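The residues making up each chain are set out below.
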Amino acid sequence: MKNQSTIHDSNPDLDSLAREYGGQLRDASHRLGLRKSHQISPFSNNTNEYGLSVIQTDRHGNVTYDAELMHGTLEDTRHAIHLLLRLTQTVDELHGAKEANNAR
């Protein structure tokens, strides 16, 4: 896997991203329709390059699928996370509006 989106390296900024947004990204992944075995996760290839990818792990926690969504600086990645979370909220609102219209 090229990104190995692991949070296990000793990168404090990556650890911070994972702590701050990990649960929200996992929730957004499922609300946007990804399988339960997949999730959007932050990664870092080195100290100056960060990004988001869709990963799948096996039952031992080893990454078995890794598709990069974006890469850039830490701030680029933080901005992408905010956009993704806002997209998830908008999709939820649209689904709610559709259900309300269907109930009429």
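Now for a look at the structure at hand. Quantities reported herein were computed from a predicted structural model and do not represent experimental measurements. (Residues numbered from 1 in each chain as written. Predicted model: local features only at pLDDT ≥ 70, side-chain atom pairs only at ≥ 80, totals over all residues. Heavy atoms only, no water.)

1. Considering the pattern of salt bridges
Scanning the model with the defined rule gives five salt bridges in all. Between Glu 75 and Arg 78 there is a salt bridge, with the nearest N and O atoms lying 3.7 Å from each other. With Glu 75 and Arg 78 both in helix 2 (residues 74-103) and three residues apart, this pair spans about one turn of that helix. On the basis of relative accessible area, Arg 78 is assigned to the buried category, the value being 18%. One salt bridge in this structure joins Arg 86 and Glu 93, with 3.9 Å as the shortest N-O distance. With relative accessibility at 42%, the residue Arg 86 sits in the partly exposed group. Accessibility expressed as a relative area gives 43% for Glu 93, which makes it partly exposed. Each member of the salt-bridge network shares a partner with another, and the members are Glu 20, Glu 75 and Arg 78. (Salt bridge = Lys/Arg side-chain N within 4 Å of Asp/Glu carboxyl O. Helix = DSSP H or I, 4+ residues; strand = E, 2+ residues; numbered from the N terminus. Buried < 20%, exposed > 50% of the residue type's maximum accessible area, 1.4 Å probe, protein only.)

2. What about the nonpolar core?
Leu 17, Tyr 21, Leu 25, Ile 40, Leu 52 and Ile 81 are the most contacted members of the largest nonpolar core, which has 15 residues in total. Of all elements in the fold, only helix 1 (12-31), strand 2 (49-57) and helix 2 reach the threshold of two or more residues within this core. Dropping the residues within four chain positions of it, Ile 40 is found in contact with Leu 25, Ser 29, Leu 34, Leu 52, Ser 53, Val 54, Leu 69 and Leu 84. (Core = buried A, V, L, I, M, F, W, Y, C linked by side-chain atoms within 4.5 Å. Contact = heavy atoms within 4.5 Å.)

3. Quick notes on helix 1
Residues that lie three or four places apart on an α-helix share one face, since the helix turns once every 3.6 residues. Taking 1.5 Å per residue, 20 residues should reach 28 Å; helix 1 reaches 28 Å between its end C-alpha atoms and fits that length. The largest bend in helix 1 amounts to roughly 60° and is located at Tyr 21. Every buried residue of helix 1 is listed here: Leu 14, Leu 17, Tyr 21, Gly 22, Leu 25, Ala 28 and Ser 29. On its buried face, helix 1 sits against strand 1 (38-46), strand 2 and helix 2. Sitting at the amino-terminal end of helix 1 is Asn 11, which places a side-chain oxygen 3.0 Å from the backbone nitrogen of Asp 13. Downstream of helix 1 by a residue or two, Gly 33 has a phi angle that is positive, lying close to 100°. (Expected span 1.5 Å × (residues − 1). Bend = angle between axes of the 7 residues up to and from the residue. Polar contact = N/O pair within 3.5 Å; in protein donor to acceptor, adjacent residues only side chain to side chain.)

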